[in-house]
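Survey of secondary and tertiary structure
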Amino acid sequence: MPSDCEFLSLDIESKTGVRIGATTLKRLLGFAQNERAPHASTLNAIAHYLGYAHWEELSQIDDQGNSNFETPDGEVRSSDLQSGSCVEIAYLPDRIVRMQYVGNQHYRVIESMNSKLQVGDEVEIQNFVLHHPLLVLNVWRNGEALGQFTADRVSGLSSIKLL
């Protein structure tokens, strides 16, 4: 999804130290039209992010058996939860947010300590990944759409608990 490109951009930067803009990723993934070829440094950063030394090495890999649908350790996907499930996240310096899943990637904040998210906020979150920033696709407060919210871009979530 195009909205995932911002999260991917942050994730690539946190793992490689190279910033690839969300617009560039949208272009590379076919979400935006543009005839420009990507820079070699962009392709090498993507290869490094995927665990390869450089783009040439990645481009020679046979794709068979290289993919799966399993959820990695340290990740909670909204699509795996049932309505009523509760998730508690923590991030630096001392922020804790508890939320209840209401379905369709939406949660209601039920407890918030030292976070900009407030009790009663409704948030849209695709997944929670340990040591990665929290990317909230949308925040609604008192019926008003506030837009995207990203928490702890530097060190990411320090804890994810299913309650």
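Presented here is a report on the structure given in the accompanying data block. Since this is a predicted model, take the numbers as computed values, not measurements.

Basis of the calculations
The written sequence of each chain sets the order in which its residues are numbered from 1. Whole-chain, interface and lining totals are the exception, using all residues; otherwise, since this is a predicted model, local features are given only for residues with pLDDT of at least 70 and side-chain atom pairs are given and counted only at 80 or more. To get the side-chain values, all heavy atoms of the structure are used, and hydrogens and water are removed first. Ring pairs shown here join Phe, Tyr and Trp side chains whose ring centres sit within 6.5 Å, with only the six-membered ring taken for Trp; geometry is labelled stacked below 30 degrees between planes, edge-to-face above 60, and tilted in between. Strands are labelled as partners when DSSP assigns at least two bridges between them. By definition, any uninterrupted DSSP run of H or I lasting at least four residues is a helix, any uninterrupted run of E lasting at least two residues is a strand, and each is numbered from the N terminus. As a rule, the C-alpha atoms of each element are fitted with a line to give its axis, helices using only the stretch in contact, and angles between N-to-C directions run from 0 to 180 degrees. In this scheme, a helix's expected span is set at 1.5 Å multiplied by one less than its residue total. The rule is simple: take the accessible area with a 1.4 Å probe, protein chains only, and divide by the maximum for that residue type; under 20% is buried, over 50% is exposed, in between is partly exposed. Any two residues whose heavy atoms approach within 4.5 Å at even a single point are treated as in contact. The rule for a salt bridge is simple: a side-chain nitrogen of Lys or Arg has to be within 4 Å of a carboxyl oxygen of Asp or Glu.

**Points about the packing of aromatic side chains**
- Under the counting rule described, the total for this entry stands at two aromatic pairs.
- Three or more aromatic residues link up through ring pairs in this structure, and these residues are Tyr101, Tyr107 and Phe128.

**Re the pairing of strand E3 (residues 95–103)**
- Note: strand E2 (residues 86–91) against E3, six bridges, orientation antiparallel. Residue pairing in the sheet places Cys86 in a bridge with Gln100 of E3.
- Linking E2 to E3, which pair antiparallel, is a turn of three residues.
- Where E3 and strand E4 (residues 106–113) come together, seven bridges link them in antiparallel fashion.

**Some thoughts on the sheet that holds E2**
- Strand order in the open sheet formed by seven strands is E8-E7-E5-E4-E3-E2-E9, and the pairing between neighbours is antiparallel. Of all the strands in the sheet, the pair left with one neighbour each is strand E8 (144–151) and strand E9 (157–162). Taking each pair of neighbouring strands and ignoring which way they run, the sheet shows an average axis angle of 30°.
- Bridge analysis of strand E7 (residues 134–141) against E8 gives six bridges, and the strand direction is antiparallel. Within E8, the position partnered with Val136 by the bridge is Phe149.

**As for helix H1 (residues 4–16)**
- End to end, H1 covers 18 Å across 13 residues, agreeing with the expected 18 Å (1.5 Å per residue, within 8%).
- What H1 keeps buried is the set Cys5, Phe7, Ser9, Leu10, Asp11, Ile12 and Thr16.
- Residues of H1 that are buried make contact with helix H2 (22–28), helix H3 (40–49), strand E6 (127–129), E7 and E8.
- Note on H1: the residue one or two positions beyond its end, Gly17, has a positive phi of about 80°.

**Points about the pattern of salt bridges**
- Following the criterion strictly, the structure yields nine salt bridges and no others.
- Arg77 is paired through a salt bridge with Glu75; the nearest N and O atoms lie 3.2 Å apart.
- Between Arg98 and Glu111 there is a salt bridge, and its shortest N-O distance comes to 2.5 Å. With Arg98 in strand E3 and Glu111 in strand E4, the pair connects residues that are 13 residues apart, well separated along the chain.
- With a relative accessible area of 33%, Glu111 lands in the partly exposed category.
- What you see here is one network of salt bridges that share partners, running through Glu88, Arg98, Glu111 and Lys161.

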